[in-house]
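# Observations on chain architecture
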Amino acid sequence: MSVLEIKDLKVSIETDAGPKQILKGVDLTINSDQIHAIMGPNGSGKSTLAYAIAGHPRYNVDSGSITLDGEDVLEMEVDERAQAGLFLAMQYPVEIPGVTVSNFLRTAKTALTGEAPKIREWVGDVREAMDSLRMDSSFQERNVNEGFSGGEKKRHEILQMELLRPRFAVLDETDSGLDIDALRVVSEGVNRVKQANKMGVLLITHYTRILRYIQPDFVHVFVDGRIAEEGGRELADRLEEEGYDRYLNASV
Amino acid sequence: MTTAEKFVPIQTRSERPTSFDPNDYERPTGREVNWKHTDLRRLAPLLVDEETENVGRDGIEYDVASLEAGGYLVESAGHDAAPRGELFLPEDLPSAIAWKRCANALHVQIPAGVAVDEPLIARLKGLGADIHANAHIIIEALPGSQATVVLHHTGSVAYAQNVEIIVRENARLNVVTVQDWQDDTVHASAHQARVDDGAYLKHIVVSFGGGVVRVNPSVRLHGEGSETEMYGVSFADAGQHMENQVYMFHEGENTVGNVLYKDALQGEGARSVWIGDVLIGADAVGTDSYEKNQNLVLTDGTRTDSIPNLEIKNGNIEGAGHASATSRFDDEHMFYLQSRGISGEEARRLVVIGFLMEIVQKIGIESIESRIAELIEEELAAGAELAPASKAGA
Ligand SMILES: Nc1ncnc2c1ncn2[C@@H]1O[C@H](COP(=O)(O)OP(=O)(O)OP(=O)(O)O)[C@@H](O)[C@H]1O
Ligand SMILES: [Mg+2]
């Protein structure tokens, strides 16, 4: 069993008006094979948490720790975190000029496993994963994310997760922008990788709909840079009913 | 990120003044449409009308053994010897000086009906940055012939060069010019080509080395059904200026032309300029035309100008389009690739090679492609220490 442990994490960013603290002490422990959902108002710092885990250079960790099976994640470079088994499906995937999806996927796989995948097997794996996500194979020849629709970008993130097989995946609003069918197809993908890999999942979302397909073991309410409440699936339903007012008033 | 016309010069390309006499040109000031973006300060040696090889030694060593062995070199052509000047007309001062000061043109001729399989490679080596050299080179493919001719430039020199390319009926010619100079070289080159009935020209400009390299290719699709592909790839490093003013003139009926230039830039003061003019003439019915320039900015401190122009003088064409796009490889791209386990070095390689290879693969000459692969490795090594471009607008 693997465990991703976040302790009292405080993160700030540089702004024109000086450093601004976004995360104000986050504690979260995710075991492999568990699904944790995070819900919270816009701007509360959910993506900041996701980026801090992945090591985006814009986010400064002021204090606290992130460890993966006891290893200090904060000491690792971005690519080393991926090597260690972390994966971030981004809220806004960027377009990479001049790099085809096919070349990108193969390069990433090679980087993660330390050797080039066997060509025939790999081609088959890619095709199968694309089929199951209902992505046309013509995407392979296109440049990474270039001109992809919002939903296509999200599917492409999950395609990578499926092929790169991480131990922990952070899914930052992967459900936003997906049509009804795509939501199901993508959720099935997440469940598949979870099953096959005993992958742990941190699922950031605004909507309970995806939680019908991906059953969370825990739901966390994220407000103003920290976790304000934790519960089970029923907490999500309650949020849907009541919104975040209760927490926002409390934090004033 | 495709942009339409950004800038339409008052003077259209077809109306540029031409003359064989250097005295007919004012010394450029940098305000002229064709000099506006050029590093005139460094190019100054080429604006002087002086005796060629001004210090009493040759400026360029020409190794043309492979052309000679095959019998593809014709006796050097003097100013009045045909076909010199059959189509070439200097359009700027360095070109007029090169015309005047080069007494004997190098004349490559592919005999009618002959298909030459092996690429014919002329190696031109600059012998000193302080030497001003001038040249007129003729590449002539006689009717029905097929060949690939490469000009591979190395060394240091101040070099003004005219290349006159004649592709006669039904000939198929590939011309590749590789600027693999030392960085103290300045090079201004005017390529002018005419493609006759049923003929085809593939023209490729590869610029990696040199201080200021300005290669201006112009192709006149003169014959019915004539065709051209004009490609270019350049890599401007710190302090390098890479420039191409590309002109494609659809003159005959049913001509096909495709232009694609890709320029990568990295390091302080790296500069690229691309001006692409396409003219679809009044008689050029059935024209199919496309031009595109793509730039890849790898670091801060660079500057690139990309100016596509399209002028259409008849309504009965197949299609015409133009595009210009500049992408930045910034820290967000870097983060995305690294977050998939790809190292920073590998990420840069992926982006640079992915960008450049589209053109390099069109060359189809193994020895040249492997030399370019080496040059790309050198650029990657030089860029390894540099931070990616900061996010545009951030
Ligand atoms: N450069 C910046 N200057 C000022 N504030 C910033 C800057 N960058 C981010 N922030 C702020 O950081 C906060 C946290 O942003 P984050 O993207 O983590 O929110 P989020 O919870 O993911 O929101 P959403 O649900 O909308 O995706 C926001 O209030 C945002 O405005
Ligand atoms: Mg967010």
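Since the structure is predicted, the reported quantities are computational estimates derived from the model, not experimental observations. Each chain carries its own residue numbering, running from 1 in the direction its sequence is written. Chain letters start at A and ligand numbers start at 1, both assigned in the order the entries are written. The predicted nature of this model means local features are confined to residues of pLDDT at least 70 and side-chain atom pairs, given and counted, to a pLDDT of 80 or more, with totals for whole chains, interfaces and linings taken over all residues. No hydrogens and no water enter the side-chain calculation; it runs on all heavy atoms of the structure.

### Concerning the overall build of chain A
In plain terms, the rule: A helix here means a DSSP run of H or I that spans at least four residues, while a strand means a run of E at least two residues long, and both kinds are numbered starting from the N terminus. For the radius of gyration, the atom set is restricted to C-alpha positions; the globular benchmark scales as 2.2 Å times the number of residues to the power 0.38. Per-residue accessibility, obtained with a 1.4 Å probe over protein chains only, is compared with the maximum for each type, and a residue is labelled buried under 20%, exposed over 50%, and partly exposed between these values. Surface accessibility follows the Shrake-Rupley procedure with a 1.4 Å probe radius. Residue values consider only the protein chains on display as shielding. By the counting rule applied here, Lys and Arg register as positive and Asp and Glu as negative, while His and the ends of each chain are not counted. The atom standing in for a charge is NZ when the residue is Lys, CZ when it is Arg, CG when it is Asp and CD when it is Glu.
Assigned secondary structure in chain A consists of nine helices and 10 strands. Relative to the 2.2 N^0.38 estimate, which gives 18 Å for 252 residues, the radius of gyration of chain A is 18 Å and therefore close to what a compact globule would have. The C-alpha extent of chain A, read off along each of the three principal axes, is 55 × 40 × 40 Å. Per-residue burial over chain A gives 56% buried out of 252 residues. Accessible area of chain A: about 11,300 Å², with a carbon and sulfur share of 44%. Of the charged side chains in chain A, 29 are positive and 42 negative; the average position of the first set lies 3 Å away from that of the second.

### Looking at the environment of Arg172 of chain B
Examined against the element boundaries, Arg172 of chain B turns out to sit in strand E6 (residues 172-180). The exposure class assigned to Arg172 of chain B is partly exposed, which follows from its relative accessible area of 42%.

### Focus: the site of ligand 1
Residues and elements named next belong to chain A. Stated precisely, the cut-off is as follows: One heavy atom within 4 Å of a molecule or strand makes the whole residue count as near it. Under this definition, polar contacts are N or O atom pairs within 3.5 Å; protein pairs additionally need one hydrogen-donor-capable and one acceptor-capable atom, and for neighbouring residues in sequence, both atoms have to be side-chain atoms. Think of it as three bins: nonpolar holds Ala, Val, Leu, Ile, Met, Phe, Trp, Tyr, Cys and Pro, charged holds Asp, Glu, Lys and Arg, and polar takes everything else, Gly as well.
Near ligand 1 you find 16 residues, and of these Gly43, Lys46, Ser47, Thr48 and His206 are the closest. The contact in question runs from an oxygen atom of ligand 1 to an N or O atom on the side chain of Lys46, over 2.7 Å. Protein burial of ligand 1: of its 650 Å² of free accessible surface, 67% is covered by the chains. The set of elements that each furnish at least two residues to the shell around ligand 1 consists of strand E1 (3-15), strand E2 (18-31) and helix H1 (46-54). By residue class, the composition of the shell around ligand 1 is three nonpolar, nine polar and four charged.

### Thoughts on the coordination of the magnesium ion (ligand 2)
The condition is simple: Donor selection uses N, O and S atoms within 2.8 Å of the metal (3.2 Å for Na, K and Ca). Since no water is included, sites may look incomplete.
Within the protein, Ser47 of chain A (OG) and Gln91 of chain A (OE1) serve as the donor atoms for the magnesium ion (ligand 2), at 2.0 to 2.2 Å. Of this pair, Ser47 of chain A sits in helix H1 while Gln91 of chain A sits in the loop between strand E6 (86-89) and helix H3 (101-113), placing them 44 residues apart in sequence.

### Quick look at the sheet that holds strand E10 (residues 226-231) of chain A
Residues and elements named next belong to chain A. We count it as follows: Only strands joined by at least two bridges in the DSSP assignment are considered to pair. The axes used here are C-alpha line fits, helices contributing only the stretch in contact, and every angle between their N-to-C directions lies in the interval 0 to 180 degrees.
In space, the six strands of this open sheet follow the order E6-E7-E8-E3-E9-E10, with mixed pairing throughout. What marks the edges here is a single partner per strand, and that holds for E6 and E10. On average, adjacent strands in this sheet sit at an angle of 20° to one another, irrespective of strand direction.

### Some points on the confidence of the model for chain B
Stated formally: Scored from 0 to 100, pLDDT reflects the predictor's confidence in each residue. Should any heavy atoms of two residues lie within 4.5 Å, those residues are considered in contact.
Of the residues in chain B, 95% have a pLDDT of 70 or more, and the chain-wide mean is 92. Between residues 1-10 of chain B, whose pLDDT stays under 50, and residues either more than four places distant or in other chains, the model counts 19 contacts.

### Quick word on the sheet that holds strand E5 (residues 71-72) of chain A
All names here are of chain A. In spatial order, the strands read E2-E1-E4-E5; together these four strands make up an open sheet with antiparallel pairing. If you trace the sheet from one side to the other, it starts and ends with E2 and E5, each paired once. Sheet strands touched by H1: E1, E2 and strand E4 (59-68). Its angle to E1, the strand with the most contacts, is close to 110°.

### With respect to unusual backbone geometry
In this structure, Pro83 of chain B follows Ala82 of chain B across a cis peptide bond, with omega equal to 0°. As for its placement among the helices and strands, Pro83 of chain B is situated in the loop between strand E2 (73-77) and helix H3 (93-101). Although it is not a glycine, Glu173 of chain A adopts a positive phi angle of roughly 50°. Here Glu173 of chain A shows up in the loop between strand E7 (168-172) and helix H6 (180-197). The backbone of Asn254 of chain B sits at a positive phi, close to 55°, despite the residue not being glycine.

### Some words on the interface of chain A and chain B
Where interface size is given, it is often the accessible area lost as the parts come together that is meant. The criterion, for reference: Two parts placed together each lose some accessible area under a 1.4 Å probe, and the buried area is that loss summed for both. Within this document, salt bridges are pairs made up of a side-chain nitrogen of Lys or Arg and a carboxyl oxygen of Asp or Glu, the two lying within 4 Å of each other.
The partner chain B presents 18 residues to the 32 residues of chain A that form the contact. Summing both sides of the interface, chain A and chain B together bury roughly 2,000 Å²; the carbon and sulfur share of this comes to 70%. Applying the counting rule to chain A against chain B returns one salt bridge. Note that Glu157 of chain A and Arg340 of chain B form a salt bridge whose closest N and O atoms lie 2.7 Å from each other. Applying the counting rule to chain A against chain B returns nine residue pairs in polar contact (both at pLDDT 80 or more). Contributions of two or more residues to the side of chain A that touches chain B are made by H1, helix H2 (78-83), E6, H3 and helix H5 (150-164) of chain A. Here the element with the most residues in the side of chain A that touches chain B is H3 of chain A; it accounts for six residues.

### Some details on the packing of aromatic side chains
Let me state the cut-off plainly: We call Phe, Tyr and Trp rings a pair once their centres come within 6.5 Å, taking the six-membered ring for Trp, and we label the pair stacked below 30 degrees between planes, edge-to-face above 60, and tilted otherwise. Counting as a charge over the ring demands two things of the Lys NZ or Arg CZ atom: a distance within 6 Å of the ring centre and an angle within 35 degrees of the ring normal.
Evaluated as defined, the whole model comprises 10 aromatic pairs over all chains. Each residue in the set Tyr51 and Tyr59 of chain A together with Phe335 of chain B is aromatic and connected to the rest through ring pairs, giving one cluster. One Lys or Arg, Arg84 of chain B, reaches over the ring of Trp99 of chain B and ends 4.3 Å from the middle of that ring. Here Lys262 of chain B stacks its cationic end above the ring of Phe355 of chain B, 4.7 Å away from the centre of that ring.

### Points about the nonpolar core
The criterion, for reference: For the purposes of this section, nonpolar cores are sets of buried Ala, Val, Leu, Ile, Met, Phe, Trp, Tyr and Cys residues that join through side-chain atoms within 4.5 Å.
Within the largest apolar cluster, 117 residues are counted, with the highest numbers of intra-cluster contacts made by Leu9, Leu49, Met161 and Leu171 of chain A together with Leu337 and Leu356 of chain B. Element by element, the count of residues in this core is highest for helix H5 (residues 344-360) of chain B, at eight residues. In this structure, Leu337 of chain B is in contact with Ile96 and Phe104 of chain A together with Phe329, Ile342, Ala347, Leu350 and Val351 of chain B, ignoring residues within four places of it in sequence.

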